[in-house]
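Take a look at the letters that make up each chain.
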Amino acid sequence: MIGEVVTRSRGPAQGPAEGHGLRVVFGYSSIIVLAELSSSFVGAVPGALVDAALVPLLLAHFVLRPDAPHRRMFPALALIALLRTLSIAAVVPRLPEYMWYAAVGVPVLAGAFLAWRLTEEPKERLGVGIGRLEFDVVLAIMGFPAGLLGYFLLRPAALLMDLDLASVLAAMAVLAVFGGFLEEFVYRGVLQTVAIDAFGSQRTGILFTATLGACMYWGSGSLPFMIAIWLLGLGYGVALVRGASLWGIAASHTVVLWGMGLLWPLLLR
């Protein structure tokens, strides 16, 4: 069940040190969220600079304080800060917009793999094994209506105006690898897994991960869209602990991106 306390423990029961460790985690998380919110008031660059400064700070905290409670959260949070920094720095006007995903995704994917190694999570906890294929298929299919809802809430422009086959296939591949898979690997595979351990509860770990992920969409300018992202993140988090694989969740996320960026803008324009 979602609310059960995780039986796999990495340390003693909650005490003063653990409570202080959670406050540090919430402090870092709050700075990441505030950096995102600042884009509406002072522009995107100052927030990106804050995120850029947080990445080495979080990693230094992880390395220099091996006794810090919940230190396994620090590489995961550094990933979120890195993702936000690169999403601004990697905008290249001469490249097709879908290639921005690759420009951001290549270093973040490498960082995600390193963060996973730093957190010492066994790959079984990432959900990479497919145990309930039918569950994964249903999740992937649900990506179509979810993408349609996202399109109506946000009304994004199509990522491609030239629909030649090579461009469409390239865009689909980039969105699949550096959109759907990468984001779910970062949030559900790495962050949610260590958050569940840090909070000692599946429910709290899922809620924390989905909330932080939704806050990163503040720049969309749409509160209904952020709420939809939050609900989607909760659903993916629940699905992962209920037996879905990371592949099925990533496939669902990919279908959402395909719909919002390629399919629905062209069919419904």
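Visitor: Is there a simple way to explain the overall build of the protein in this structure?
Guide: Summing up its helical and strand segments, the protein has 9 helices and 0 strands in all. Helices (α) and strands (β) of the protein occur, in sequence order from the N terminus, as α-α-α-α-α-α-α-α-α. Computed over the C-alpha atoms, the radius of gyration of the protein is 18 Å, within 12% of the 18 Å expected from 2.2 N^0.38 for a compact globule of 269 residues. With respect to the principal axes defined by its C-alpha atoms, the protein has extents near 60 × 45 × 30 Å. Relative to its 269 residues, the protein shows a buried fraction of 48%. When contacts within the protein are restricted to residue pairs at least 6 apart in sequence, long-range pairs at least 24 apart make up 77% of them. Carbon and sulfur atoms make up 72% of the accessible area of the protein, which amounts to about 13000 Å² in all.

Visitor: Would you take a moment to explain helix 4 (residues 98–119) for this structure?
Guide: Taking 1.5 Å of rise per residue, the 22 residues of helix 4 would be expected to cover 32 Å, and the 31 Å separating its terminal C-alpha atoms lies within 8% of that figure. In helix 4, a bend of some 35° at G105 exceeds every other bend along the element, and P107, a proline, comes one to four places later. What helix 4 keeps buried is the set Y98, A102, V104, G105, V108, G111, A112, A115, W116 and T119. Following helix 4 by one or two positions, E120 adopts a phi angle in the positive range, close to 60°.

Visitor: I'm lost on the pattern of salt bridges in this one. Help?
Guide: Pairing between side chains of opposite charge can happen when the charged atoms of each approach one another. Applying the stated criterion to the full structure yields 4 salt bridges. Close ionic contact of E36 with R84 constitutes a salt bridge, the shortest N to O distance being 2.9 Å. One end of the pair, E36, is in helix 1 (residues 16–37); the other, R84, is in helix 3 (residues 73–89), and 48 residues separate them in sequence. E36 gets classed as buried once you look at its relative accessible area, which sits at 6%. We note a salt bridge from R65 to D67, for which the minimum N-O separation is 3.2 Å. Here R65 falls in the partly exposed class, since its relative accessible area comes to 41%.

Visitor: Got a minute to help me understand a nonpolar patch on the surface in this structure?
Guide: On the surface, a cluster of nonpolar side chains totalling about 950 Å² of accessible area is made up of I130, L133, V137, I141, F144, F152, W247, L263, L267 and L268. Per element, the largest residue contribution to the nonpolar patch is 5 residues, and it comes from helix 5 (residues 133–154). Locating F152 in the fold gives a position in helix 5.

Visitor: What exactly am I supposed to notice about the environment of C215 here?
Guide: Mapped onto the fold, C215 is located in helix 7 (residues 202–215). Owing to a relative accessible area of 19%, C215 belongs among the buried residues under this scheme. When sequence neighbours within four positions are dropped, the list of residues in contact with C215 reads V33, E36 and M226.

Visitor: Before we go on, may I ask you to explain the packing of aromatic side chains in this structure?
Guide: Centre distance and the angle of the planes are the two values used to describe a pair of aromatic rings. By the definition in use, this model includes 9 aromatic pairs. Between the aromatic rings of F181 and F185, the centroid separation amounts to 5.7 Å while the plane-to-plane angle is 15°, which identifies the pairing as stacked. One end of the pair is F181 and the other is F185, both in helix 6 (residues 165–199) and 4 residues apart, which spans about a single turn. On the accessibility criterion, F185 (8% relative accessible area) is buried. A ring pair is formed by F181 and W247, whose centres lie 5.5 Å apart and whose planes are at 10°; its orientation type is stacked. Here W247 lies in helix 9 (residues 246–267) and F181 lies in helix 6, a separation of 66 residues in the sequence. Take W247: its relative accessible area is 41%, and that puts it in the partly exposed class. Aromatic rings pair up to connect F26, F199 and F208 into one cluster. Seen from the ring of F62, R71 lies directly overhead, with NZ or CZ sitting 3.8 Å from the centre.

Visitor: Could you clarify how one ought to interpret the nonpolar core in this entry?
Guide: For soluble globular proteins, nonpolar side chains are generally found buried alongside one another. Among the nonpolar cores identified, the biggest contains 42 residues, and L77, L191 and F208 are the most heavily contacted of them. Every element with two or more residues in this core is listed here: helix 1, helix 2 (44–64), helix 3, helix 4, helix 6 and helix 7. Discounting chain neighbours no more than four positions away, the residues touching L77 are V25, Y28, S29, I32, L58, L191, F208 and L212. Counting 11 residues, the second largest nonpolar core, distinct from the first, contains L139, F225, Y236 and M260.

What counts, and at which threshold
Residues numbered from 1 in each chain as written. Predicted model: local features only at pLDDT ≥ 70, side-chain atom pairs only at ≥ 80, totals over all residues. Heavy atoms only, no water. Helix = DSSP H or I, 4+ residues; strand = E, 2+ residues; numbered from the N terminus. Rg over C-alpha atoms; globule rule 2.2 N^0.38 Å. Buried < 20%, exposed > 50% of the residue type's maximum accessible area, 1.4 Å probe, protein only. Contact = heavy atoms within 4.5 Å. Areas by Shrake-Rupley, 256 points an atom, 1.4 Å probe, with all protein chains shown as cover. Expected span 1.5 Å × (residues − 1). Bend = angle between axes of the 7 residues up to and from the residue. Salt bridge = Lys/Arg side-chain N within 4 Å of Asp/Glu carboxyl O. Patch = residues over 30% accessible without salt bridge, like charges linked within 9 Å, V, L, I, M, F, W, Y side chains within 5 Å. Phe/Tyr/Trp six-rings, centres within 6.5 Å; stacked < 30°, edge-to-face > 60°. Lys NZ or Arg CZ within 6 Å of the ring centre and 35° of its normal. Core = buried A, V, L, I, M, F, W, Y, C linked by side-chain atoms within 4.5 Å.

Purely geometric numbers; function is a separate question.
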